[in-house]
Each structure stands twice: as structure tokens, then as C-alpha cells.
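Fold and contact review
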Amino acid sequence: MTDTSSDSLHPGLTITVYRVDPVTMERTPVHSRSLPPADEPSFSLAFPPCECSRCRKNG
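Given the structure is predicted, the values throughout are model-derived calculations rather than measurements. (Residues numbered from 1 in each chain as written. Predicted model: local features only at pLDDT ≥ 70, side-chain atom pairs only at ≥ 80, totals over all residues. Heavy atoms only, no water.)

A word on the pairing of strand 2 (residues 27–35)
Heads up, the condition is: A pair of strands counts as paired when DSSP detects no fewer than two bridges linking them. Helix numbering and strand numbering both begin at the N terminus, where a helix is a DSSP run of H or I of at least 4 residues and a strand a DSSP run of E of at least 2.
Sheet topology places strand 1 (residues 13–20) next to strand 2; eight bridges connect them, and they run antiparallel. Opposite Val17, over in strand 2, you have His31 as the bridge partner. What sits between the antiparallel neighbours strand 1 and strand 2 is a turn of six residues, in which Met25 has the positive phi angle 60°.

Here is the structure:
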């Protein structure tokens, strides 16, 4: 399966970051990103290794 186009059964994932007003609890969208469905399911709950300089230095 190589086609990653979304359809009505597999729309993918949308991640939205909101800013919340602490007084009114009103949400304001700050950034939104849509990701297509994965080609294959993930069979691991492990995160990939971090690539930042701090983690590489200690690892």
C-alpha cells in the first residue's frame, strides 16, 4: 500500500494547537496540521531515538 491519499474512511490525522483564554476558556486556534494516513500500522509503542544534540551527546 503506497497511496497515502486520505478518503472518507481513512481521513488521516489533524493536530491543532490552541491558545486558551484563562478567564473565558475560549479557544483560539494557533496552528493546525493535517497528516495523511500511514502506509503501514505501527506495531511498536516506542518513540524513535531523539536526534537533538543534547541527547546525542549523552547517548
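Re unusual backbone geometry
Even without glycine at this site, Met25 takes up a positive phi of about 60°. Residue placement: Met25 occurs in the loop between strand 1 and strand 2.

A look at the environment of Pro11
For clarity, the threshold we go by: Whether a residue is buried, partly exposed or exposed follows from its accessible area with a 1.4 Å probe, protein chains only, as a fraction of its type maximum: under 20%, in between, or over 50%, in that order.
If you trace the backbone, Pro11 turns up in the segment before strand 1. Overall, the relative accessible area of 55% leaves Pro11 in the exposed class. Residues Pro11 and Pro37 lie 26 residues apart in sequence; the distance between their C-alpha atoms is 6.7 Å.

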